[in-house]
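Tertiary structure, described
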Amino acid sequence: MITRVADSHWHALEDDRTVGRGEATRRPDGRIFLSIDSWHDLVFDRLAGVMLADLPTPLYTVVDEADLDLTSSWERAGFTTRRREWEYVVPTDPRVTGLDSVRPPSGVTIVAAGAAKLGPLRELDRAIRDEVESTVGWQEMPAEVLPRPHGITMPDLPKYAVAAQADQYVGLARVVMITRLPRIGIIAVRAGQQRGGIARALLAHVLGSLHSAGIDTASAEVNESNAAATALFDGIGARRASSSLELIRR
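Described in the following lines is the structure provided in the data block.

What counts, and where the lines are drawn
- Residues numbered from 1 in each chain as written.
- Predicted model: local features only at pLDDT ≥ 70, side-chain atom pairs only at ≥ 80, totals over all residues.
- Heavy atoms only, no water.
- Core = buried A, V, L, I, M, F, W, Y, C linked by side-chain atoms within 4.5 Å.
- Buried < 20%, exposed > 50% of the residue type's maximum accessible area, 1.4 Å probe, protein only.
- Helix = DSSP H or I, 4+ residues; strand = E, 2+ residues; numbered from the N terminus.
- Contact = heavy atoms within 4.5 Å.
- Phe/Tyr/Trp six-rings, centres within 6.5 Å; stacked < 30°, edge-to-face > 60°.
- Salt bridge = Lys/Arg side-chain N within 4 Å of Asp/Glu carboxyl O.
- Pairing = 2+ DSSP bridges.
- Axes fitted to C-alpha atoms, helices over the stretch in contact; angles between N-to-C directions.

1. A word on the nonpolar core
Counting 29 residues, the largest nonpolar core has Val90, Leu203, Leu207, Phe233 and Ile236 as its most contacted members. If you list the elements that add at least two residues to this core, you get β6 (80–91), β8 (160–165), β9 (168–176), β10 (183–189), α5 (198–212), β11 (217–223) and α6 (227–234). Not counting residues within four places of it along the chain, the set of residues in contact with leucine 207 comprises Val90, Pro91, Thr92, Thr97, Leu99, Ile184, Ala218 and Ile236. One finds Trp10, Leu34, Leu47 and Met51 within the second-largest nonpolar core, a separate group that totals 21 residues.

Written out as C-alpha cells, the structure is:
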C-alpha cells in the first residue's frame, strides 16, 4: 500500500511495516526534485508511479552516474538524462596547478575571503545572479548553487574572495568547508569582464590560500556543458573523480 503521509512525503507499507519512502522537494527556482528510498525494484516502481500521478511535470532527480541500478529505476519511470555534472578533485599546490605565476589583470586586485565589504558584495552577487538567469538560467548551475528568493542576497562574507576593479567588485569565488575537503562552490565574473584572466586569478588565490593553510586538495562541481569551466579545471591538473546525472521527466 502506498500512502501520502504529508504534502511532499509518501510511504510504502507492507504488513504495517514501512518498506519504502518517497519525497518531493521544491527548490527556490520552482523545480520539483524527487527522491525514493527502497530496497526492492517493485516498491520503487509502485512509489514512483503514485508520486508521478500526484505531481505536475516536469519533475527532476539527481543520481550518481556510477549507481546503475538507481539510474535504471528512474529510467523505468520515464526519466531521461538532462545534464551531467563532473566532480573534480583539485590540487592546491601552485607548483602542481601551474598557477604560481598567475597575477590579476592590470587594474584588478583580489580581496581575500572575509575582507570584502558587504554592500558591494551584495551588488555583485545580485548582478551575477541576474546575468545567469537572463542567459543560461539557474537550472544549469551546479546543484548546490541554488537561487535565493527574489530580492534576497545575503552572501556569507568569510566564504567569498572577490576581484575588485576601480570602485566595484567584478568577480567572486566561494569556498565552503562541507567536510574536511573544501569545496569551490562557485567562481563567477561579471559578463563585461569575462575572458580577461579574472577567474583564473581568483582560482589561483583561493587554491593558494588553501595550500598555505596546509590543505592539499579541494573539490569542485562543473556542468559538463560549461566549456570554459571544464577547460579551467582540466588545465590545472584537476582530476574528474565522479559524475552525477540530472534526470528529467517531461
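Following the structure, the description resumes.
2. Some points on the packing of aromatic side chains
Across all of its chains, the model carries 4 aromatic pairs by this definition. The interplanar angle of 80° and the centroid separation of 5.0 Å between the aromatic rings of phenylalanine 44 and tryptophan 74 together place this pair among those described as edge-to-face. With a gap of 30 residues between them, phenylalanine 44 in helix α1 (residues 41–54) and tryptophan 74 in helix α2 (residues 68–76) connect regions that are remote in the sequence. Judged by relative accessible area, which is 4%, phenylalanine 44 ranks as buried. Here tryptophan 74 and phenylalanine 79 contribute two aromatic rings whose centre-to-centre distance is 5.0 Å and whose plane-to-plane angle is 70°, an arrangement assigned as edge-to-face. Exposure class is identical for tryptophan 74 and phenylalanine 79. Each is buried.

3. Thoughts on the pattern of salt bridges
Any two side chains of opposite charge can pair, so long as their charged atoms come close to each other. Summed over all chains, the structure comprises 17 salt bridges. Across the pair glutamate 14 and arginine 17 runs a salt bridge whose closest N-O atoms are separated by 3.9 Å. We classify glutamate 14 as partly exposed; its relative accessible area is 43%. Between arginine 76 and aspartate 41 there is a salt bridge, with its nearest N and O atoms 3.8 Å apart. Of the two residues, arginine 76 sits in helix α2 while aspartate 41 sits in helix α1, which places them 35 residues apart along the sequence. Residues participating in the shared-partner salt-bridge network are Arg31, Arg82, Arg83, Glu85 and Glu246.

4. Concerning unusual backbone geometry
Of note, the amide linkage connecting threonine 57 to proline 58 takes the cis form, showing an omega dihedral of 0°. Of note, proline 58 is situated in the loop between α1 and β5 (59–64). We note that aspartate 16 has phi near 60°; this positive angle belongs to a residue other than glycine. The topology assignment puts aspartate 16 in the loop between β2 (9–14) and β3 (17–26). When its relative accessible area of 80% is taken as the criterion, aspartate 16 is described as exposed. Even without being a glycine, alanine 166 presents a positive backbone phi close to 55°. By the element assignment, alanine 166 lies in the loop between β8 and β9.

5. Points about the sheet that holds strand β12 (residues 239–249)
Strands sit in the order β1-β2-β3-β4-β5-β12-β6-β11-β10-β9-β8-β7 across an open sheet of 12 strands; the sheet is mixed. Every interior strand has two partners, whereas the edge strands, β1 (2–6) and β7 (108–111), have only one. Neighbour-to-neighbour, the strand axes of the sheet open up by a mean angle of 25°, direction not taken into account. Bridge count between β9 and β10: 6 bridges; the pairing is antiparallel. Pairing of glycine 171 across the sheet is with valine 189, part of β10. With respect to the sheet, α2 is in contact with β4 (32–38), β5 and β12, its orientation differing from that of β5 by roughly 160°.

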